[in-house]
Amino acid sequence: MQDHLWAPWRMEFIKGKAPTGCIFCELPRQNEALTPDKETLIVHRASKSYIILNKFPYNSGHLLIVPNQHTALYTDLPDDVLSEMNGLSKLAMKALDARYKPQGYNVGMNLGEAAGAGVKEHLHIHIVPRWMGDTNFMPVLAETKCLPQHLMTSFEEIAAAIGKELK
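Summarised in this report is the structure supplied together with it.

Reading the values: rules and limits
Residues numbered from 1 in each chain as written. Predicted model: local features only at pLDDT ≥ 70, side-chain atom pairs only at ≥ 80, totals over all residues. Heavy atoms only, no water. Core = buried A, V, L, I, M, F, W, Y, C linked by side-chain atoms within 4.5 Å. Buried < 20%, exposed > 50% of the residue type's maximum accessible area, 1.4 Å probe, protein only. Helix = DSSP H or I, 4+ residues; strand = E, 2+ residues; numbered from the N terminus. Contact = heavy atoms within 4.5 Å. Lys, Arg positive; Asp, Glu negative; His and termini not counted. Salt bridge = Lys/Arg side-chain N within 4 Å of Asp/Glu carboxyl O. Arc of directions from axis to C-beta.

Topic: the nonpolar core
Considering soluble globular proteins, one finds that nonpolar side chains tend to be buried as a cluster.
Point 1. Core analysis: the largest hydrophobic core is formed by 34 residues, its most contacted members being Val43, Ile51, Ile52, Leu63, Ile65 and Ile158.
Point 2. Where this core is concerned, the elements lending two or more residues are helix H2 (23-30), strand E1 (42-45), strand E2 (49-53), strand E3 (63-67), helix H3 (79-100), strand E5 (125-130) and helix H5 (151-166).
Point 3. The element best represented in this core is H3, accounting for nine residues.
Point 4. Once you skip the residues sitting within four places of it in the chain, Ile52 turns out to touch Leu27, Thr40, Leu41, Ile42, Val43, His62, Leu63, Leu64 and Val66.

Encoded structure:
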């Protein structure tokens, strides 16, 4: 008997057109409201940066901290932007702790194509919650990652948790 894994939202990625501009510049312009936005997956906006749910996550709850300023170079960002991004990283982890109770995190940036950056022209910080045993044979044998939660459910829960952290 053959088992099937269904991830219908991946077809959008597979068949979708590559964005012509910078996705991290364009998404915040689609809806400039300061409230969470399901269309863009932006769960929180600050004055110089924002938190967005990764549309193609490594794990459920995978967040990105993105500066509003378009740059690939860490050294080009002013200290106040870097400080705000660090604060948003802390906020993101507090919200993930409250909702998901991860046992650890991968936090970091892939700067440049050689470092594995998927969007090399606009730097961003990855916040990936991790649990003991959250990796298995699937990524190695089938190049498939099993995610236990739908993206929209993750969005709703993380946006609510961030809202609680801010109160």
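Continuing now.
Some thoughts on the side chain of Glu84
Point 1. Assignment of secondary structure puts Glu84 in helix H3.
Point 2. It turns out Glu84 is buried and unbridged, and the closest side chain with the opposite charge, Lys48, is 5.0 Å from it.
Point 3. Once residues lying within four places of it in the same chain are set aside, the contact partners of Glu84 are Ala46, Ser47, Lys48 and Ser49.

Remarks on H2
Point 1. Along H2, the residues that are buried comprise Phe24, Cys25, Leu27 and Pro28. Down the axis of H2, the sector holding all buried residues measures 170°, keeping them to one side. Of the exposed residues in H2, those oriented more than 90 degrees away from the buried face are Arg29 and Gln30.
Point 2. Where H2 is buried, its residues meet E1, E2 and E3.

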